[in-house]
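Structure assessment
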Amino acid sequence: MEFRHLRCFLALAEELHFGRAAARLAMTQPPLSLNIQQLEASVGAPLFVRNSRGVALTPAGQAFVPRARALLDAAAGAAREAREVAQGVSGQLRVGFAGTVLYRGLPQILRGFAQRHPRLKLVLREMSSSDQLIDLQHGRLEAGFVHTPRVPPGCAQVLVSRQAFVACVPAAHALARKRRLAPALLAGEPFVAISRAVSPDYHDRLLALCADHGFEPDVRFELRHWLSVVSLVAQGLGVSLVPAALQQAGLPGAAFVPLQGDSPPYETRCLWREGGESAALSAFLEAVRGFAVPAE
């Protein structure tokens, strides 16, 4: 059974006249008759009654009409969907993200992307930067927002945001009343930090920043997510150095104080595998570049 058989069958079922059905299909009557015979042989039942009065559908033919239409509609829908995916009109992208991109960058990118491409679906996965690098290399993500300058071979990047570190302290702590805070004042305080296994780059920067101010942080708690870090600080269990965007989290009990002096910025990059970008990924990267930090 082929789609041409179904088209011939439906034309004849609707016209109930070989001449009119053949004209509608831009063919002559003999090939139309052959197609109907081939379809009936494939189905294993007569679909039409042919006599001197004309053509009529058999009960089997009447039952076959809605199924034939559904098959042709499904085929047309599949072809249309394939075209739209190829054109970037519809489809699905798997996008990873880590850390503070939820508070600076990702919402703005998603809003603009959804307005311009409402039929493209994004499957968002909150993951550590290191896990995203693995999934990007194995094709399990199309794009990822990471907090690491370590871009693996074969990946392209766009710098999405750059922000300062701030001190995060309990709101009742004496340091919370300062307008700016010297990092050295955090010496001796219990620290809450992102685990080194989750973000070795952040962990190394934390140690380096503290070392630059003459102390080693007393890391009491290591966690996987930034909101968990801020939440423990809000409960009075320690202090931390966090990206400034976390001030938007709005967790009561936590205070954020800018640091005195210069500190290395906390950067977010969007990564994807180079070469063979789909139309959908290209559309998403266009939205990312619209928000990205201008090239220097």
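You'll find the structure just up there.
As the structure is a computational prediction, the values presented were derived from the model and not from experiment. Chains are numbered independently. Their residues run from 1 in the order of the written sequence. Two thresholds apply to this predicted model, a pLDDT of at least 70 for residue-level local features and 80 or more for giving and counting side-chain atom pairs, whereas whole-chain, interface and lining totals are computed over all residues. Heavy atoms from the whole structure form the basis of all side-chain values; hydrogens and water molecules are not counted.

1. Some details on a nonpolar patch on the surface
Cut-off, in case you're wondering: Residues enter patches when their relative accessible area tops 30% and they take part in no salt bridge; the joining distance is 9 Å for like charges and 5 Å for the nonpolar side chains Val, Leu, Ile, Met, Phe, Trp and Tyr. The Shrake-Rupley method, run with a 1.4 Å probe, gives the accessible areas here. Residue values count only the displayed protein chains as cover. We count a salt bridge whenever a side-chain nitrogen from Lys or Arg sits within 4 Å of a carboxyl oxygen from Asp or Glu. Secondary structure elements follow DSSP: runs of H or I no shorter than four residues count as helices, runs of E no shorter than two count as strands, and numbering proceeds from the N terminus.
The grouping of Met-1, Val-43 and Leu-71 at the surface amounts to a nonpolar patch, some 250 Å² of accessible area in total. Within the secondary structure, Val-43 is located in helix 3 (residues 29–43).

2. Re the environment of Gly-54
Let me state the cut-off plainly: The rule is simple: take the accessible area with a 1.4 Å probe, protein chains only, and divide by the maximum for that residue type; under 20% is buried, over 50% is exposed, in between is partly exposed.
Structurally, Gly-54 can be placed in strand 2 (residues 54–57). For Gly-54, a relative accessible area of 27% puts it in the partly exposed group. Along the primary structure Gly-54 and Val-233 are separated by 179 residues, whereas in three dimensions their C-alpha atoms are 86 Å apart.

3. Digging into the packing of helix 1 (residues 3–15) against helix 3
Put simply, the rule is: Note on definitions: angles span 0 to 180 degrees between N-to-C directions of axes, and those axes are lines fitted to C-alpha atoms, for helices only across the stretch in contact. The cut-offs work like this: below 35 degrees is roughly parallel, past 145 is roughly antiparallel, 65 to 115 is roughly perpendicular, and the gaps in between are oblique. Between two residues, a contact is recorded if the distance between any of their heavy atoms is within 4.5 Å. When residues are grouped by polarity, Ala, Val, Leu, Ile, Met, Phe, Trp, Tyr, Cys and Pro land in nonpolar, Asp, Glu, Lys and Arg in charged, and all others, Gly among them, in polar.
Packing of helix 1 against helix 3 leaves a shortest axis separation of 9 Å and a crossing angle of 110 degrees. By the angle between their axes, helix 1 is roughly perpendicular relative to helix 3. Along the contact surface, helix 1 presents Arg-4, His-5, Leu-6, Cys-8, Phe-9 and Leu-12, while helix 3 presents Leu-32, Asn-35, Ile-36, Gln-38 and Leu-39. Looking at the contact of helix 1 with helix 3 residue by residue, the classes come out as seven nonpolar, three polar and one charged.

4. Observations concerning the packing of helix 5 (residues 106–116) against helix 9 (residues 279–291)
The criterion, for reference: Crossings are sorted by hand: turned counterclockwise from the far helix by less than a right angle, the near helix makes the crossing left-handed, and turned clockwise it makes it right-handed.
Between helix 5 and helix 9, the shortest axis-to-axis distance is 9 Å and the interhelical angle comes to 135 degrees. Compared by their axis directions, helix 5 and helix 9 come out oblique. Seen along the crossing, helix 5 lies across helix 9 with a hand that is right-handed. Across from Gln-108, Ile-109, Leu-110, Phe-113 and Arg-116 in helix 5, the residues of helix 9 making contact are Ala-283, Phe-284, Glu-286, Ala-287, Val-288 and Phe-291. Residue composition of the contact of helix 5 with helix 9, grouped by class: eight nonpolar, one polar and two charged.

5. Some words on the environment of Thr-100
Inclusion rule: Polar contacts here mean pairs of N or O atoms no more than 3.5 Å apart (in protein, one a potential hydrogen donor and the other a potential acceptor; neighbouring residues in sequence count only if both atoms are side-chain atoms).
By secondary structure assignment, the location of Thr-100 is in the loop between strand 3 (91–97) and helix 5. Remark: the alpha-carbon pair of Thr-100 and Pro-243, spanning 143 residues in sequence, is separated by 7.2 Å. Among the polar contacts listed, one links the side chain of Thr-100 to the side chain of Gln-163, at a separation of 3.2 Å.

6. Focus: the pairing of strand 3
Applicable threshold: Here a strand pair is declared whenever DSSP counts at least two bridges between the two strands. For the handedness criterion, the strands are oriented away from the viewer, and a crossover whose path from the first strand over the helix to the second runs clockwise is classed as right-handed.
Relative to strand 4 (residues 120–126), strand 3 runs parallel, the two sharing seven bridges. By the bridge assignment for strand 4, Leu-93 is matched with Leu-122. Taken together, strand 3, helix 5 and strand 4 constitute a β-α-β crossover, and its handedness is right-handed. Two strands pair when backbone bridges link them, and strand 3 and strand 5 (residues 143–146) are joined in this way by three bridges, in the parallel orientation. Looking at the pairing, Phe-97 lines up with Phe-145 of strand 5.

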